[in-house]
Amino acid sequence: MLELNNISHVYANGTRALDGVSLSIPKGMYGLLGPNGAGKSTLMRTIATLQTPTEGTISFGDIDVIAQPERLRRTLGYLPQDFGVYPRVSAYDMLDHMAVLKGVASAADRKATVETLLNQTNLWSVRKKAIAGFSGGMRQRFGIAQALIGNPELIIVDEPTAGLDPEERNRFLNLLAEIGENVVIILSTHIVEDVADLCPRMAILAGGRIQREGAPHDLIAQT
Ligand code: ADP
Ligand code: ADP
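Residues numbered from 1 in each chain as written. Chains lettered and ligands numbered in written order. Predicted model: local features only at pLDDT ≥ 70, side-chain atom pairs only at ≥ 80, totals over all residues. Heavy atoms only, no water.

Caption draft 1: Examining the packing of helix 3 (residues 91–101) against helix 4 (residues 107–120) more closely. Contact pair helix 3 / helix 4: the axes reach a minimum separation of 10 Å and the direction vectors enclose 130 degrees. For the element pair helix 3 / helix 4, the angle class is oblique. Crossing hand, helix 3 versus helix 4: right-handed. Packed against helix 3, whose contacting residues are A91, Y92, L95, D96, A99 and V100, the element helix 4 presents R110, K111, V114, E115 and L118 at the interface. Class assignment for the residues of the contact of helix 3 with helix 4 results in seven nonpolar, no polar and four charged. (Axes fitted to C-alpha atoms, helices over the stretch in contact; angles between N-to-C directions. Helix = DSSP H or I, 4+ residues; strand = E, 2+ residues; numbered from the N terminus. Parallel < 35°, antiparallel > 145°, perpendicular 65-115°, else oblique. Left-handed = near helix turned anticlockwise from the far one by under 90°. Contact = heavy atoms within 4.5 Å. Nonpolar A, V, L, I, M, F, W, Y, C, P; charged D, E, K, R; others polar.)

Caption draft 2: Inspection of the environment of L148 at higher detail. Mapped onto the secondary structure, L148 falls in helix 5 (residues 136–148). Distance from L148 to T75, taken between C-alpha atoms, is 9.6 Å for residues 73 residues apart in sequence. Aside from chain neighbours lying at most four places away, what touches L148 is L117, Q120, I155 and I179.

Read these as layout, nothing more, since geometry by itself doesn't imply function.
Shown next as structure tokens:
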């Protein structure tokens, strides 16, 4: 369970991007829906420990996220909105390299990890190709493969379907749903359909505040 307690963030220029956000996020897929400028990326970066909120506390299990960011990072997978420059190395080599950085020490463990992730994200057949040549959908699936190294228990995915065609989008969301049964996955999006079918619970963020929280079908019926 991820608990956000009264999180506010004011940027140096005075913009109040988050204003008293409190949420309890259980295991499974959780949707964070809101228009551009709502504060979604600020909230995702805050949970991912890349920003410290001006106010508030966050806990994940027994981890005090703001006081112990390094503990959270060990169990975090984060796919940011503007994910990466896509290098000319192959998908296989890049995942292998990331696994080294995440502390998967033995070559045999890395091989098993990388092969499992390439299969899970349906990238096995293109494992030797440069990521630079991947389509949008392939890049996002590769981003999820990267985020999954080390078996994280908290996965944050910021606006992952932007720019994907409908088929790639469905494929990507179904992949998240398969992963999401035993971990917390937070999916931020401005597209209602991304959360409506797949997320048992969701919150609507606007102007830095939680407007509503609950099951998608109840919330969407009200609007
Ligand atoms: P801070 O206000 O927290 O000191 P900066 O103003 O230095 O941060 O900006 C940090 C990053 O955020 C930069 O890459 C900048 O381009 C980007 N940025 C600045 N203002 C905005 C904005 N209004 N919306 C989105 N990104 C912004
Ligand atoms: P979303 O992801 O929902 O589009 P953001 O978290 O990017 O929302 O932005 C929330 C608000 O904070 C917006 O008004 C945006 O312009 C502003 N903002 C984002 N980053 C910065 C920054 N680095 N400095 C100042 N303002 C920012």
